[in-house]
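So you can see what is in the structure, the chains are spelled out below.
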Amino acid sequence: MKEPILFYGSPDFAVECLDHLIKSNFNIIGVVTAVDKKSGRGQKLKFSPVKQFALHHQIPIFQPSNLKSPEFQSSLEKLNPTLHVVVAFRMLPKSVWNFPDKGTINLHSSLLPDYRGAAPIHWVIINGERYTGVSTFIIDEKIDTGKILRQKKIEISTKETFGSLYEKLLNEGKVLLEQTIKGHLANQLKAKAQKSIGITKKAPKLNPENTRIDWTKSLKDIQQLIRGLDPIPGAWTYFENGRQKNLRMKILKAETRIFETDHRPNVFKIEKQRLLITHRDGLLECIQIQIQGKKAMDSRSLLNGYRFLDHSKVN
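Model, not experiment: these values are computed from the prediction. (Residues numbered from 1 in each chain as written. Predicted model: local features only at pLDDT ≥ 70, side-chain atom pairs only at ≥ 80, totals over all residues. Heavy atoms only, no water.)

Participant: Is there a simple way to think about the overall build of the protein chain in this case?
Facilitator: Across its full length, the protein chain holds eight helices and 18 strands. Taken over the C-alpha atoms alone, the protein chain extends approximately 70 × 50 × 30 Å along its principal axes. Here the protein chain, with 315 residues, has 47% of them falling under the buried criterion. Restricting to contacts in the protein chain with at least 6 residues of sequence separation, those with at least 24 account for 64%. For the protein chain, the computed accessible surface area is about 17000 Å², with 49% contributed by carbon and sulfur atoms. Between the centroid of the 50 positive side chains of the protein chain and the centroid of its 31 negative side chains there is a distance of 2 Å. (Helix = DSSP H or I, 4+ residues; strand = E, 2+ residues; numbered from the N terminus. Buried < 20%, exposed > 50% of the residue type's maximum accessible area, 1.4 Å probe, protein only. Contact = heavy atoms within 4.5 Å. Areas by Shrake-Rupley, 256 points an atom, 1.4 Å probe, with all protein chains shown as cover. Lys, Arg positive; Asp, Glu negative; His and termini not counted. Charge placed at Lys NZ, Arg CZ, Asp CG, Glu CD.)

Participant: Please clarify how the nonpolar core should be interpreted in this entry.
Facilitator: Among soluble globular proteins, nonpolar side chains are generally buried collectively. One finds Phe7, Leu177, Ile181, Ile251, Leu284 and Phe308 to be the most contacted residues of the largest nonpolar core, which totals 65 residues. Per-element accounting of this core gives the leading share, eight residues, to helix α6 (residues 162-185). The residues contacting Phe7, other than those within four sequence positions of it, are Ala14, Leu18, Leu21, Ile28, Gly30, Val31, Val32, Val85 and Val87. Listed in part, the 16 residues of the second largest apolar core include Phe72, Phe89, Trp97 and Ile139. (Core = buried A, V, L, I, M, F, W, Y, C linked by side-chain atoms within 4.5 Å.)

Participant: Hey, could you run me through the packing of aromatic side chains in this one?
Facilitator: Given two aromatic rings, their pairing is described by the distance between the two centres and the angle made by the two planes. The full count for this structure, using the stated rule, is eight aromatic pairs. Geometrically, the ring pair formed by Phe239 and Phe268 is edge-to-face, given 5.7 Å between the ring centres and 85° between the ring planes. Taken together, the residues span a long stretch of sequence, with Phe239 in strand β12 (residues 235-241) and Phe268 in strand β14 (residues 268-271) at a distance of 29 residues. The same class applies to Phe239 and to Phe268, which are both buried. Look at Phe268 and Phe308: their rings are 4.5 Å apart centre to centre, the planes differ by 35°, and that puts the pair in the tilted class. Within this pair, whereas Phe268 is found in strand β14, its partner Phe308 is found in the loop between α8 (299-305) and β18 (313-314), the two being separated by 40 residues in sequence. A relative accessible area of 10% places Phe268 in the buried class. Classification of Phe308 as buried rests on a relative accessible area of 10%. Through a chain of ring-to-ring contacts, the aromatic side chains of Phe239, Phe268, Tyr306 and Phe308 assemble into a single cluster. Sitting above the plane of the Phe47 ring, Lys51 keeps its charged end 3.9 Å from the centroid. (Phe/Tyr/Trp six-rings, centres within 6.5 Å; stacked < 30°, edge-to-face > 60°. Lys NZ or Arg CZ within 6 Å of the ring centre and 35° of its normal.)

This is how it looks when you write it as structure tokens:
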């Protein structure tokens, strides 16, 4: 009989991993996922992607609001999983991660110990890293600090976006997870403690402050921020257009032209239906933009219906 595995996860990344494990013939006896949330004008209940997948495949679903509750502990005792597998889920209490005989395995989208935290894929691009990867480890008391089971290193291209790197890491991660589970259940892997070389880099949760463009930074840094937040959640800035102040705009895609210049920085410039922003290092060409209250569109489409007045600027 195949070892029973309980899967924990909520977003699309977790769905792809769960699907891969099922196709690899693992015995997934249930999924633990986020509680339903009300969303939209009608306040309809919204299921997590993992719950939607589990419903379609008739997999038992558990949605505890409190993982320490006696009810959930009772569910664990009835299921009696040999192993827990976690992909993009909240922190587990010891009573949960320590329950199975084989412990709890987590898949993380970075080369641990660097980029522990909620947004590792975004931050490696924002920070201009050349390499990242995926790691599997045994969960312990702290977030993303457990002993490493396996890792796979991946090169980051100079044109990488969050979206493209997400796909690379997902494709590598689900295979690494499969290999890790097989090796771990067969007692073929030796878990190794994480070792930091120098300062450990973090991957904090994204928020309005750390996704806002700082125009005092270099053009290279600004471009990395835009790519690291493309397509979601998008790098943003305030801008002024005539008497209108504090307008908000996302710059979803952009290209840089770096050269010596003495022009006034942070001003919009229109050239051949292209939307440019001046910078002390050169020019930022906005390829895809979303002004607050409007849909995302390419610069040519935007300029067909929106006029930037003289001396309009970002801030």
